[in-house]
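Structural overview
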Amino acid sequence: MAALAALHSRAFDEAWDAASFARLLAMPGAFALLAHEEGTPSGFVLVRLGGGEAEIITIAVDPDCRRKGLGRALMNRAGAEALARGAEVVFLEVAEDNAPAIGLYERLGFAPVGRRPAYYDRPGGRIAAISMRLDLPG
């Protein structure tokens, strides 16, 4: 849990602590996938499954390791694992000001399906989250 918390703190201004990750991973259907670069943890994705659906709870890539395909690889692995565990669809939410993440998700086949106004807290105020969906093959 400490490794996930450390990566999350490098990737986000408002990071989750190790206890939060322990609680999330203790939920039924939850799992995490970790990526390494040169033997060092460099990214992870946290997923929750239920009722034929998967939700990406969070994905984090160390800022020093971005733009190297780790996020894409983690998302592909998460989708494959979710499919193997019985999911038919994957959902996620992304801040509307996170253009790099939105671009990645769109390239992976995710499509916007909704919007949550004032979902994320930012120093200049609250911004919306875009809800996105990917139908898994099968």
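As a reminder, the structure under discussion sits directly above these lines.
Described below are features of the structure shown in this document.

1. Some points on the overall build of the protein
What the protein contains, in helices and strands, is four helices and six strands. Ordered by position in the sequence, the α and β elements of the protein form the string α-α-β-β-β-α-β-α-β-β. The C-alpha atoms of the protein give a radius of gyration of 14 Å, which matches the 14 Å a tight globule of 138 residues would have. Looking at the protein as a whole, 40% of its 138 residues are labelled buried. Taking the contacts inside the protein whose residues are at least 6 apart along the sequence as the reference set, 51% of them involve residues at least 24 apart. Looking at the protein as shown, the accessible area adds up to about 7600 Å², and 52% of this sits on carbon and sulfur atoms.

2. Some points on the pattern of salt bridges
As enumerated under the stated definition, the model contains 10 salt bridges in all. Linking Glu93 and Arg116 is a salt bridge whose minimum nitrogen-to-oxygen distance equals 2.5 Å. On the criterion of sequence distance, the pair formed by Glu93 in strand S4 (residues 89-95) and Arg116 in strand S5 (residues 111-122) is long-range, its members being 23 residues apart. Between Asp121 and Arg126 there is a salt bridge whose closest N-O contact spans 3.6 Å. A relative accessible area of 48% places Arg126 in the partly exposed class. Taken together, the salt bridges that share partners define one network made up of Arg10, Asp62 and Asp64.

3. As for the nonpolar core
Among the nonpolar cores identified, the biggest contains 30 residues, and Tyr105 and Phe110 are the most heavily contacted of them. Mapped onto this core, the elements with two or more residues apiece are strand S1 (30-37), strand S2 (40-50), strand S3 (53-61), helix H3 (70-84), S4, helix H4 (99-107) and strand S6 (125-135). With five residues, the top contributor of residues to this core is H3. Apart from residues no more than four positions distant in its own chain, Tyr105 is found in contact with Ile59, Met75, Leu92, Val94, Phe110 and Met132.

4. Focus on the sheet that holds S3
Spatially, the six strands line up as an open sheet ordered S1-S2-S3-S4-S6-S5, and their pairing is mixed. For this open sheet the edge positions go to S1 and S5, each flanked by a neighbour on one side alone. This sheet shows a mean twist of 25 degrees between the axes of neighbouring strands, independent of strand direction. Pairing analysis gives three bridges linking S3 to S4, with the strands arranged parallel. Looking at S4, one finds that Glu55 is bridged to Phe91. The strands touched by helix H1 (residues 2-11) within the sheet are S1, S2 and S3, with S2 carrying the most contacts at an inclination of about 100 degrees. The strands touched by H4 are S3, S4 and S6; relative to S4, the strand with the most contacts, the crossing angle is about 160 degrees.

Thresholds, definitions, all that
- Residues numbered from 1 in each chain as written.
- Predicted model: local features only at pLDDT ≥ 70, side-chain atom pairs only at ≥ 80, totals over all residues.
- Heavy atoms only, no water.
- Helix = DSSP H or I, 4+ residues; strand = E, 2+ residues; numbered from the N terminus.
- Rg over C-alpha atoms; globule rule 2.2 N^0.38 Å.
- Buried < 20%, exposed > 50% of the residue type's maximum accessible area, 1.4 Å probe, protein only.
- Contact = heavy atoms within 4.5 Å.
- Areas by Shrake-Rupley, 256 points an atom, 1.4 Å probe, with all protein chains shown as cover.
- Salt bridge = Lys/Arg side-chain N within 4 Å of Asp/Glu carboxyl O.
- Core = buried A, V, L, I, M, F, W, Y, C linked by side-chain atoms within 4.5 Å.
- Pairing = 2+ DSSP bridges.
- Axes fitted to C-alpha atoms, helices over the stretch in contact; angles between N-to-C directions.

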